[in-house]
Amino acid sequence: MADRRRFLRDSMLASSLLLGANRAARAQDASKSGSIAPRVISTWDFGVAANQAAWAVLAKNGRALDAVEAGARIPEADLKNHSVGRAGYPDRDGHVSLDASIMDEHGNCGAVAGIEHIAHPISVARLVMEKTPHVLLVGEGATQFAIEQGFPREELLTPESEKAWREWLKTANYKPVANSEVKTYGGTPGDKNNHDTIGMLALDAHGNLSGACTTSGMAWKLHGRVGDSPIIGAGLYVDNDVGAATSTGVGEEVIRNAGSFLVVELMRNGRSPEAACREAVERILRKKPGAKDLQVGFLAINKHGEVGAWAIQKGFSYAVCDAKKQDALIAAKSSF
Ligand code: SD4
């Protein structure tokens with residue numbers, strides 16, 4: 001009996017030592033600087049330039065959170081881009097109102113929705129996360145907070161965007177157009193009545209994930225409309241144990257299905273990033289077959305740095321940047 005007890009005690013001790021050793025080895029692996037290949041990915045063709053700003057942070061072993069904020073600020077400031085930040089197309093009433101969210105490796109998150117007159121909503125979202133006990137500030141309260149934090153109050157409606165809005169007012173027909181950002185960015189702004197978002201996800205050399213998402217939302221939306229981008233779990237979700245996901249396209253369809261959270265949960269259950277994005281898109285289509293005429297795209301990265309994407313329709317692209325190549329632009333697979 002005493003032998004049996006000793007045997008049980010010894011084998012329990014051995015297995016807990018083994019567990020402890022495995023855990024320590026894993027932690028050591030992850031913390032060895034350079035043992036994890038940093039990578040940043042983002043939605044659409046404007047993601048290429050944004051990734052490079054993020055890469056400047058990641059390449060110096062910087063934090064993923066700093067990388068995604070730096071990256072997202074690029075399209076926010078780009079006057080040629082009518083779907084994010086300054087020069088974004090306004091809502092039905094002519095207001096440029098912006099949505100953004102950010103999430104770090106600890107599960108902290110912050111967001112602003114319907115913020116006006118502030119050129120960098122992603123940086124305001126970060127301060128909501130870091131300086132307030134809240135997650136989401138909206139409308140005038142978000143603008144007030146930004147101004148208190150030292151952001152300048154600016155006119156974000158450019159003459160070009162105003163011209164496009166006045167053109168739209170002639171018919172005032174609200175109809176989302178798939179992939180319009182491809183056509184508007186560097187193309188002929190003003191002739192399209194819809195636009196899109198940058199979602200950016202980064203894995204840093206310390207093995208930590210963060211994400212950012214920023215947009216001026218659907219062009220010509222109702223004043224006060226909020227899309228998926230500032231909704232944690234819809235437009236963005238990060239779980240440092242599993243992976244991160246972001247979305248673009250018609251936000252209502254993403255919100256209805258808690259899209260980015262769904263993608264991360266599917267990865268947690270063993271799917272690759274691409275398979276997880278695909279299942280999330282197909283769930284949207286199963287629940288609402290009419291969504292086949294719209295565009296929604298998901299982009300995801302897992303804890304190992306594997307990336308994948310899927311969209312309802314052809315035309316969604318994503319940019320990937322790592323030590324090997326800084327300007328890759330990949331056409332996402334799609335259900336149609
Ligand atoms: C939204 N997903 O507000 C965002 C961006 C967008 O076409 O306008 N997509 O729904």
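Located above this text is the structure these notes cover.
One numbering rule holds for all chains: residues counted from 1, following each sequence as written. Per-residue local features are limited, in this predicted model, to residues with pLDDT of at least 70; the limit for side-chain atom pairs, both in listing and counting, is 80 or more; totals at the level of whole chains, interfaces and linings are taken over all residues.

Participant: How should the site of the ligand be read in this particular structure?
Facilitator: Should the C-beta atom of a residue, placed from the backbone, lie within 6 Å of a molecule or strand, that residue is near it. Taken together, 14 residues lie around the ligand, and Thr197, Gly217, Met218, Gly227 and Gly251 are the ones closest in. Looking at side-chain class alone, the shell around the ligand contains 2 nonpolar, 10 polar and 2 charged residues. Throughout, the ten residues Ala, Val, Leu, Ile, Met, Phe, Trp, Tyr, Cys and Pro are labelled nonpolar, Asp, Glu, Lys and Arg are labelled charged, and all others, Gly among them, are labelled polar.

Participant: Help me understand the sheet that holds strand 8 (residues 243-249), please; the structure alone is not making it clear to me.
Facilitator: Consider a sheet: its strands pair through backbone hydrogen bonds, and that pairing is either parallel or antiparallel. If you walk across this open sheet you meet the 4 strands as 7-8-9-10, and the pairing is antiparallel. Either end of the sheet is taken by a strand with one partner, and the two such strands are strand 7 (236-239) and strand 10 (307-311). Averaged over all adjacent pairs, the angle separating strand axes in this sheet is 10 degrees, with direction ignored. One requirement defines pairing of two strands: DSSP has to find at least two bridges between them. Runs of E in the DSSP output that reach at least two residues are strands. Runs of H or I that reach at least four are helices, and both are numbered from the N terminus. Bridge analysis of strand 8 against strand 9 (residues 296-302) gives 7 bridges, and the strand direction is antiparallel. Bridging from a neighbouring strand, glycine 249 pairs with valine 296 of strand 9. Strand contacts of helix 9 (residues 259-268): strand 7, strand 8 and strand 9, with the helix running at about 145 degrees to strand 8, the strand carrying the most contacts. For helices, the axis comes from a line fit to the C-alpha atoms of the stretch in contact; other axes are also lines fit to C-alpha atoms, and the angle between any two N-to-C directions lies between 0 and 180 degrees. By definition, residues are in contact whenever their C-beta atoms, placed on the basis of the backbone, come within 7 Å of each other.

Participant: What is the right way to look at the environment of alanine 119 in this model?
Facilitator: Considering the arrangement of structural elements, one finds alanine 119 in the loop between strand 3 (109-116) and helix 4 (121-131). Considering only alpha carbons, one finds alanine 119 and alanine 77, 42 residues apart in sequence, at a separation of 7.0 Å. If sequence neighbours within four positions are ignored, alanine 119 has contacts with Glu76, Ala77, Gly85, Arg86, Glu154 and Leu156.

Participant: How should the pairing of strand 1 (residues 39-43) be read in this particular structure?
Facilitator: Regular strands place side chains that alternate from one sheet face to the opposite one. Burial within strand 1 is extensive, with 5 of its 5 residues counted as buried. Residue alternation in strand 1 divides its side chains into two sets, Arg39, Ile41 and Thr43 and Val40 and Ser42, and both sets are buried. With 4 bridges joining them, strand 1 and strand 5 (residues 198-203) adopt antiparallel strand pairing. Looking at the pairing, valine 40 lines up with alanine 202 of strand 5. The exposure label follows from counting other C-beta atoms within 10 Å of a residue's C-beta, where the C-beta atoms are placed from the backbone and the thresholds are 20 or more for buried and 12 or fewer for exposed, leaving partly exposed in between.

Participant: Got a minute to help me understand the nonpolar core in this structure?
Facilitator: A general feature of soluble globular proteins is that nonpolar side chains tend to end up buried together. Joined through C-beta atoms within 7 Å, a set of buried Ala, Val, Leu, Ile, Met, Phe, Trp, Tyr and Cys residues constitutes a nonpolar core. Core analysis: the largest hydrophobic core is formed by 88 residues, its most contacted members being Ala54, Ala202, Val263 and Ala300. Looking at which element gives the most residues to this core, the answer is helix 3 (residues 64-77), with 7 residues. Apart from the residues within four sequence positions on either side, alanine 54 is in contact with Val40, Ala67, Val68, Ala70, Gly71, Met200 and Ala202. Grouped together as the second largest cluster of nonpolar side chains are 7 residues, Tyr89, Trp168, Met218 and Trp220 included.

Participant: What should I look at first to understand the packing of helix 3 against helix 4 in this one?
Facilitator: Each pair of packed helices can be summarised by the angle the axes make with each other and by the distance between the axes. Where helix 3 contacts helix 4, the axes come no closer than 8 Å and their chain directions differ by 145 degrees. On helix 4, the residues that touch Glu69, Ala72, Arg73 and Glu76 of helix 3 are Ile122, Ser123 and Arg126. A class-by-class count of the residues in the contact of helix 3 with helix 4 yields 2 nonpolar, 1 polar and 4 charged.

Participant: What should I look at first to understand the sheet that holds strand 11 (residues 317-322) in this one?
Facilitator: Across the sheet, 8 strands lie side by side as 4-3-2-6-5-1-11-12; this open sheet has mixed pairing. Edge positions in the open sheet fall to strand 4 (136-138) and strand 12 (328-331), since each of these has one partner strand only. Neighbour to neighbour, the strand axes of the sheet diverge by 15 degrees on average, direction disregarded. Strand contacts of helix 3: strand 1, strand 2 (97-103), strand 5 and strand 6 (209-215), with the helix running at about 20 degrees to strand 6, the strand carrying the most contacts.

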